[in-house]
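The chain contents come next:
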Amino acid sequence: MMEILKPVFYLLIFPGVLFTGALGLFFSWVDRKVTALIQSRIGPPWYQCYADIGKLLYKEVMIPSGSNRLSFVTAPLIGLAGISLASGIIWMVNINKGVSFIGDIIVVMYLLVLPSLGLIIGGAASRNPFSSIGASREMIMVFAYELPFILVIFTAVIKTRSVIFGDIITYQLQNGVMLWSASGVLASIVFFSCMLAKLCYLPFDIPEAESEIIGGTLAEYSGALLAIFKLTNAMMLFILPLFFITLFLGGIDVSSIKGILFLTLKYSVVLILVIFVKSTHPRLRIDQALKFFLGPVTGLAIISVILTMLGV
């Protein structure tokens, strides 16, 4: 089984997502290292995340008896394909705004759902009670946070009157970043909350909850399939903040050293906030998370849309 999966894995990784995957794994290490320091631990060495993926690639893939083999094997690839395509579009439109196409922001929005869909399919196909619970929790979480997530994305669309990434970036270059407005501040808060849920980070690691349901959706995964899930999550840790920077902080400029340093600063601020919240908040119950996203978070998103329509 491992020999069959290897070519598929390498085809998806090289060369298109190598850069995003490598940086995603590096920032996953930064997350683990900073979290360890907060908890008065030493933390892993810088190469640990790469070593984890490498070890998993050469371990046996165990497929549960009675599971849906096709769904079980293809579920990780769905998530990896989604984040890979989203990564390509986000990098492409930031490096060259002229290659944007009508509706590219909507395409990215849909592609970012695929990692969660892969977890749901994989958990449901595992035929394990913990995986089934994790899959049902993931489905509930998607229904909860996708509505406010879509609403805050459309605050940028409403303000620029365009569904093209290039127009959104150009608007911010001419008028200032969207974060420096009342609607932009509210939209950023909502986006950040939804980003934590998409990453399955505390306090929203409910679908995986190792202390409750033993990894949930990933309980039956091993070897290369588990490596793909972990790589997908690492890539999301890198791409979701870049998506946020593109929408609300003026986009990405890699044409100069100054631009790269400024991008590093913006990304570092977002990553530090993610790590701070993840390290200082306990896990919510699924009903608490549902009320949180469909209550105050969706309310803030609606207010943000109204303020944007009013030009505030």
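Worth saying up front: this structure is predicted, and the values here are computed from it rather than measured.

With that settled, the discussion passes to the overall build of the protein chain. On a plain count of helices and strands, the protein chain comes out with 13 helices and zero strands. Ordered by position from the N terminus, the helices and strands of the protein chain form the series α-α-α-α-α-α-α-α-α-α-α-α-α. Taken over the C-alpha trace, the protein chain has a radius of gyration of 19 Å; the compact-globule value for 312 residues is 20 Å, and the two agree within 12%. The proportion of buried residues among the 312 residues of the protein chain is 54%. Of all intrachain contacts in the protein chain linking residues separated by at least 6 positions in sequence, the fraction that spans at least 24 positions is 80%. When the accessible surface of the protein chain is totalled, it reaches about 14100 Å², and 71% of it is carbon and sulfur. Placing the 20 positive and 15 negative side-chain charges of the protein chain at their respective mean positions leaves the two points 4 Å apart.

Size it by volume and the largest pocket reaches roughly 1200 Å³. Along the wall of the largest pocket there are 41 residues; nearest its centre are Tyr-201, Glu-208, Glu-210, Lys-230 and Asn-233. Counting only elements with at least two residues in the lining of the largest pocket, the list comes to helix 2 (18-38), helix 3 (48-57), helix 6 (114-125), helix 9 (182-198), helix 11 (223-248) and helix 12 (257-280). Take the lining of the largest pocket: its biggest share by element is seven residues, from helix 11. Classifying every residue of the lining of the largest pocket gives 20 nonpolar, nine polar and 12 charged. Roughly 310 Å³ of internal volume is contained in the second largest pocket. In terms of lining, the second largest pocket is formed by 14 residues, of which the most central are Leu-179, Phe-244, Leu-249, Val-269 and Val-270. Among the elements of the structure, helix 9 and helix 12 are those that each provide at least two residues to the lining of the second largest pocket. Of the residues that constitute the lining of the second largest pocket, the class distribution is 12 nonpolar, one polar and one charged.

Right, let's talk about a nonpolar patch on the surface for a bit. Together, Ile-95, Val-254, Ile-257, Ile-260 and Leu-261 make up a nonpolar patch on the protein surface, roughly 490 Å² of accessible area in all. Sorting elements by how many residues they give to the nonpolar patch places helix 12 first, with three residues. You can see Leu-261 is positioned in helix 12. Given the relative accessible area of 57%, Leu-261 is considered exposed.

With that out of the way, let us pick up the pattern of salt bridges. Counting across every chain of the model gives six salt bridges. A salt bridge links Asp-31 to Lys-278; the shortest N-O distance between them is 3.4 Å. Here Asp-31 is found in helix 2, whereas its partner Lys-278 is found in helix 12, with 247 residues between them in sequence. Neither residue differs from the other here; Asp-31 and Lys-278 are each classed as buried. The salt bridge partner of Arg-32 is Asp-52, with a shortest N-O separation of 3.1 Å. Placement of the pair is Arg-32 in helix 2 and Asp-52 in helix 3, with a sequence separation of 20 residues.

A few words now on the side chain of Ser-100. Position of Ser-100 relative to the elements: it lies in the loop between helix 4 (69-95) and helix 5 (104-111). Judged by its relative accessible area of 17%, Ser-100 falls in the buried class. Polar side-chain contacts of Ser-100 include one of 3.4 Å to the side chain of Asp-104. A distance of 3.0 Å separates a polar side-chain atom of Ser-100 from the backbone nitrogen of Gly-166. Ignoring any residue separated from it by four or fewer positions in sequence, one finds Ser-100 in contact with Val-93, Ile-164, Phe-165 and Gly-166.

For the α-helix, the turn length of 3.6 residues means that residues three or four positions removed from each other point alike. The terminal C-alpha atoms of helix 2, which comprises 21 residues, lie 30 Å apart, in line with the 30 Å expected from a rise of 1.5 Å per residue. Those residues of helix 2 lying buried are Thr-20, Gly-21, Gly-24, Leu-25, Phe-27, Ser-28, Trp-29, Val-30, Asp-31, Thr-35 and Ala-36. On its buried side, helix 2 packs onto helix 3, helix 4, helix 11 and helix 12. Ser-40, located one to two residues past helix 2, shows a positive phi value of around 60°.

What follows is about the state of the cysteines. For the structure on display, the rule yields zero disulfides. Take Cys-200: it sits in no disulfide, and the sulfur closest to it among the cysteines is that of Cys-194, at 14 Å.

A word on the nonpolar core. Phe-191, Leu-242, Phe-243, Leu-247 and Phe-293 are the most contacted members of the largest nonpolar core, which totals 89 residues. Here Phe-243 is in contact with Ile-90, Val-108, Leu-112, Phe-149, Ile-153, Phe-165 and Phe-191, once residues within four sequence places are set aside.

Time to look at the confidence of the model for the protein chain. Residue-level pLDDT values for the protein chain average 87, and 95% of them are 70 or greater. Of the regions scoring below 50 in pLDDT, residues 4-15 engages in 18 contacts with residues more than four places distant in sequence or in other chains.

On to the packing of aromatic side chains, then. Per the counting criterion, the structure on display carries 22 aromatic pairs. On the numbers, 5.7 Å between centres and 15° between planes, the contact of Phe-27 with Phe-238 is stacked. Of this pair, Phe-27 sits in helix 2 while Phe-238 is found in helix 11, placing the two residues 211 residues apart along the sequence. Owing to a relative accessible area of 5%, Phe-238 belongs among the buried residues under this scheme. Between Phe-149 and Phe-191, the aromatic rings sit 5.1 Å apart at their centres with planes inclined by 40°, giving tilted as the arrangement. Taken together, the residues Phe-149 in helix 7 (residues 129-160) and Phe-191 in helix 9 connect sequence positions 42 residues apart. For the pair Phe-149 and Phe-191, one class covers both residues: buried. Cluster of aromatic residues (ring-pair linked, three or more members): Phe-19, Phe-26, Phe-27, Trp-29, Trp-91, Phe-238 and Tyr-267. Geometry around Phe-149 places Lys-198 over its ring, the cationic atom sitting 4.8 Å from the centre. Between the NZ or CZ atom of Lys-278 and the centre of the ring of Tyr-201, over which it lies, the distance is 5.4 Å.

So, how was this worked out
Residues numbered from 1 in each chain as written. Predicted model: local features only at pLDDT ≥ 70, side-chain atom pairs only at ≥ 80, totals over all residues. Heavy atoms only, no water. Helix = DSSP H or I, 4+ residues; strand = E, 2+ residues; numbered from the N terminus. Rg over C-alpha atoms; globule rule 2.2 N^0.38 Å. Buried < 20%, exposed > 50% of the residue type's maximum accessible area, 1.4 Å probe, protein only. Contact = heavy atoms within 4.5 Å. Areas by Shrake-Rupley, 256 points an atom, 1.4 Å probe, with all protein chains shown as cover. Lys, Arg positive; Asp, Glu negative; His and termini not counted. Charge placed at Lys NZ, Arg CZ, Asp CG, Glu CD. 1 Å grid on protein atoms, 1.4 Å probe; cavity = no way out; pocket = protein on both sides within 12 Å on 5 of 7 lines; lining within 4 Å. Points joined across faces, edges and corners; volume = space filled by probe spheres on them. Nonpolar A, V, L, I, M, F, W, Y, C, P; charged D, E, K, R; others polar. Patch = residues over 30% accessible without salt bridge, like charges linked within 9 Å, V, L, I, M, F, W, Y side chains within 5 Å. Salt bridge = Lys/Arg side-chain N within 4 Å of Asp/Glu carboxyl O. Polar contact = N/O pair within 3.5 Å; in protein donor to acceptor, adjacent residues only side chain to side chain. Expected span 1.5 Å × (residues − 1). Disulfide = S-S within 2.5 Å. Core = buried A, V, L, I, M, F, W, Y, C linked by side-chain atoms within 4.5 Å. pLDDT = per-residue confidence, 0-100. Phe/Tyr/Trp six-rings, centres within 6.5 Å; stacked < 30°, edge-to-face > 60°. Lys NZ or Arg CZ within 6 Å of the ring centre and 35° of its normal.

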